[in-house]
Amino acid sequence: MSPRENVDCIITAAGLSSRMGQWKMMLPYNEGTILDSSIENARQFCQRIILVVGYRGEELLARYNNESDITVIINNNYASGLFSSIQAAGKNVNTEYCFITHGDIPCLNREIYHQIWLKRGPYALLPCHQGTPGHPVLLPKKIIQQACMDDVTTTSMREFLLAGEYRYLNMNQPQTVLDIDTPEAYQLLLGTSHD
């Protein structure tokens, strides 16, 4: 395995999966689950995973809490949306930069993280594929800290980032925009996982 970079990665896994119709984090995928794959991909490149749990958080805490490179954060405010999970995790970032992705994006690979990492700077770096914004997003610690301040008025992380200094990074990999939000997306994922 290639050496990992000294960078934290926030993975959000706190939501209700309302569009899926069932809880998607533990849906079977490859040798494990969707969330297992998302974590495994991030840990190919990042030294530590900050996993944010909420809905059915005790199950995820029991599953991942004994992993030395995973810090599990419980977001009791998860019903208020994704931004609250990022704020809960952001206070725990120790590294100069931090990736952010979601537990339902299981096809990111080390090369994607690496390409984004090479373009880091004093701005939010937002990957996109054919004009569609994707993940993982890379932020300097300073921007994460700003997002965690009490006087932030927005409830959307994207809105917050676009109001500050940011860059888009065009990427050829469709995996950056493949989130598993619906039953159709899950079936498509299962159909392509053996390629």
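Residues numbered from 1 in each chain as written. Predicted model: local features only at pLDDT ≥ 70, side-chain atom pairs only at ≥ 80, totals over all residues. Heavy atoms only, no water.

If you look the protein up in an unreviewed UniProt entry, it shows as Molybdenum cofactor cytidylyltransferase from Hafnia paralvei.

A word on the overall build of the protein. For the protein, the count of helices and strands is seven helices and ten strands. Since a compact globule built from 195 residues should have a radius of gyration of about 16 Å, the 16 Å found for the protein is in line with a globular shape. Across its three principal axes, the protein shows a C-alpha extent of roughly 40 × 35 × 30 Å. For the protein, the residues scored as buried account for 52% of the 195 residues in total. Considering only contacts within the protein whose residues lie at least 6 apart along the sequence, 72% involve residues at least 24 apart. In the protein, which carries 15 positive and 20 negative side-chain charges, the distance between the mean positions of the two groups comes to 5 Å. (Helix = DSSP H or I, 4+ residues; strand = E, 2+ residues; numbered from the N terminus. Rg over C-alpha atoms; globule rule 2.2 N^0.38 Å. Buried < 20%, exposed > 50% of the residue type's maximum accessible area, 1.4 Å probe, protein only. Contact = heavy atoms within 4.5 Å. Lys, Arg positive; Asp, Glu negative; His and termini not counted. Charge placed at Lys NZ, Arg CZ, Asp CG, Glu CD.)

Let us look at the pairing of strand β4 (residues 46–53). The buried fraction of β4 amounts to seven of the eight residues, a majority that puts the element mostly inside the structure. Pairing of strand β1 (residues 5–13) with β4 involves seven bridges; the strand directions are parallel. Bridged to C9 within β4 is I49. The pairing of β4 with strand β5 (residues 70–74) spans five bridges and is parallel. Considered in β5, the bridge of L51 is made with V72. You can see the chain leave β4, run along helix α2 (residues 57–64) and come back into β5, and the turn it takes is right-handed. (Pairing = 2+ DSSP bridges. Right-handed = clockwise from strand over helix to strand, strands pointing away.)

Next up on the list: the pattern of salt bridges. A side chain with one charge can pair with a side chain of the opposite charge if their charged atoms come near. Applying the stated criterion across every chain, the model contains ten salt bridges. Between D181 and K24 there is a salt bridge, and its shortest N-O distance comes to 2.7 Å. Pair noted here: D181 is in the loop between β10 (166–170) and α7 (183–192) and K24 is in the loop between β1 and β2 (28–29), with a separation of 157 residues, a long-range link. By the burial criterion, D181 is buried, and K24 matches it. Between E165 and R167 there is a salt bridge; the shortest N-O distance is 3.6 Å. E165 gets classed as partly exposed once you look at its relative accessible area, which sits at 43%. Here the salt bridges do not stand alone but share partners, grouping R4, E40, R43, E67 and D69 into one network. (Salt bridge = Lys/Arg side-chain N within 4 Å of Asp/Glu carboxyl O.)

A few words now on the environment of S80. Relative to the elements of secondary structure, S80 occurs in the loop between β5 and α3 (82–90). Considering only alpha carbons, one finds S80 and T155, 75 residues apart in sequence, at a separation of 8.5 Å. A distance of 3.4 Å separates a polar atom in the side chain of S80 from a polar atom in the side chain of S84. (Polar contact = N/O pair within 3.5 Å; in protein donor to acceptor, adjacent residues only side chain to side chain.)

Attention now moves to the packing of aromatic side chains. Under the defined criterion, the tally for this structure stands at eight aromatic pairs. Look at F45 and Y113: their rings are 6.3 Å apart centre to centre, the planes differ by 20 degrees, and that puts the pair in the stacked class. Of this pair, F45 sits in the loop between α1 (34–43) and β4 while Y113 sits in helix α4 (residues 110–118); the two residues are 68 residues apart in sequence, bridging distant segments of the chain. In terms of burial, F45 and Y113 fall into one category: buried. (Phe/Tyr/Trp six-rings, centres within 6.5 Å; stacked < 30°, edge-to-face > 60°.)

So, about α3. With eight of its nine residues buried, α3 lies for the most part within the structure. Of the residues making up α3, those classed as buried are F83, S84, S85, I86, Q87, A88, A89 and G90. Turning to α3, the residues buried within the fold contact β1, β4, β5, β6 (97–102), α5 (141–147) and α6 (157–162).

Ranked by internal contacts, the top residues of the largest apolar core, which has 32 residues, are L35, L51 and F99. Where this core is concerned, the elements lending two or more residues are β1, α1, β4, α2, β5, β6 and α4. Beyond its immediate chain neighbours, meaning those up to four positions away, L35 contacts I11, A13, M25, M26, L51, L60, Y64 and G103. I73, V93, C148 and F160 belong to the second-largest nonpolar core, a separate cluster that totals 22 residues. (Core = buried A, V, L, I, M, F, W, Y, C linked by side-chain atoms within 4.5 Å.)

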